[in-house]
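# Observations on the three-dimensional arrangement
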Amino acid sequence: MRHWILAIAFTVTAIGPVAAQTTRELAYQLAETSMDDSFKSLKPVLDGAFDNLQRNAASSAKSDRSLEIFIEEMKNAFNRENFIKAIAEVWARDMTREELQQALEFTNSPVGKKFRVVSQSMKEPRNLMPIFLDACSRARARALNVGMNTAGLDAACSQFR
């Protein structure tokens, strides 16, 4: 009998915190679990874009200091915590608690973990080659259609073959 009571107490304790989570907390947990890799991928791209804007603003004769300050603030604001919070807010607003729970369960399941790994592999250039090759083919056809020399394009596109 004691073992049954301990087993029930343990089960209630283990399930209790999950059941007590709010929709916002579940959304945040899901965003932390599933979006961290996306942030890591996106951050360098955005930093590069912000750096380019900053250089252009600094070199422009029409630039005022307020634009440079804005870009600095954008770079500072776009951090992991704010990214996760923004996604969690959308999910908390647009998804039910039950949907978030199901998404979190999937994300933490073996299939969900494999899905995340495979999805991250899409960043690898070899997986994006069909897109690049298609763009090269269409660009070449358009250039040839108007009588342009495609030597530079052909050289650039050769890296994707």
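Residues numbered from 1 in each chain as written. Predicted model: local features only at pLDDT ≥ 70, side-chain atom pairs only at ≥ 80, totals over all residues. Heavy atoms only, no water.

When helices and strands are counted, the chain shows 8 helices and 0 strands. When the elements of the chain are put in sequence order from the N terminus, they spell out α-α-α-α-α-α-α-α. Within the chain, buried positions represent 17% of all 161 residues. Of the contacts formed within the chain by residues at least 6 apart in sequence, a portion of 71% connects residues at least 24 apart. (Helix = DSSP H or I, 4+ residues; strand = E, 2+ residues; numbered from the N terminus. Buried < 20%, exposed > 50% of the residue type's maximum accessible area, 1.4 Å probe, protein only. Contact = heavy atoms within 4.5 Å.)

Scanning the entire structure with this criterion turns up 1 disulfide. Two residues share a disulfide in this structure: Cys-136 and Cys-157, whose sulfurs sit 2.1 Å from each other. Across the S-S bond linking Cys-136 and Cys-157, the dihedral sits near -95°, which makes this disulfide left-handed. With a gap of 21 residues between them, Cys-136 in helix α7 (residues 125-145) and Cys-157 in helix α8 (residues 151-157) connect regions that are remote in the sequence. You'll find Cys-136 and Cys-157 in the same group, each marked buried. (Disulfide = S-S within 2.5 Å.)

Helix length check: helix α2 (residues 23-59) (37 residues) gives 47 Å between terminal C-alpha atoms against 54 Å at 1.5 Å per residue, more than 12% under. Of all bends in α2, the biggest is about 55°, found at Met-35. Inspection of α2 places Leu-26, Ala-27, Leu-30, Ala-31, Met-35, Asp-36, Phe-39, Phe-50 and Ala-57 among the buried residues, and these make up the whole buried set. (Expected span 1.5 Å × (residues − 1). Bend = angle between axes of the 7 residues up to and from the residue.)

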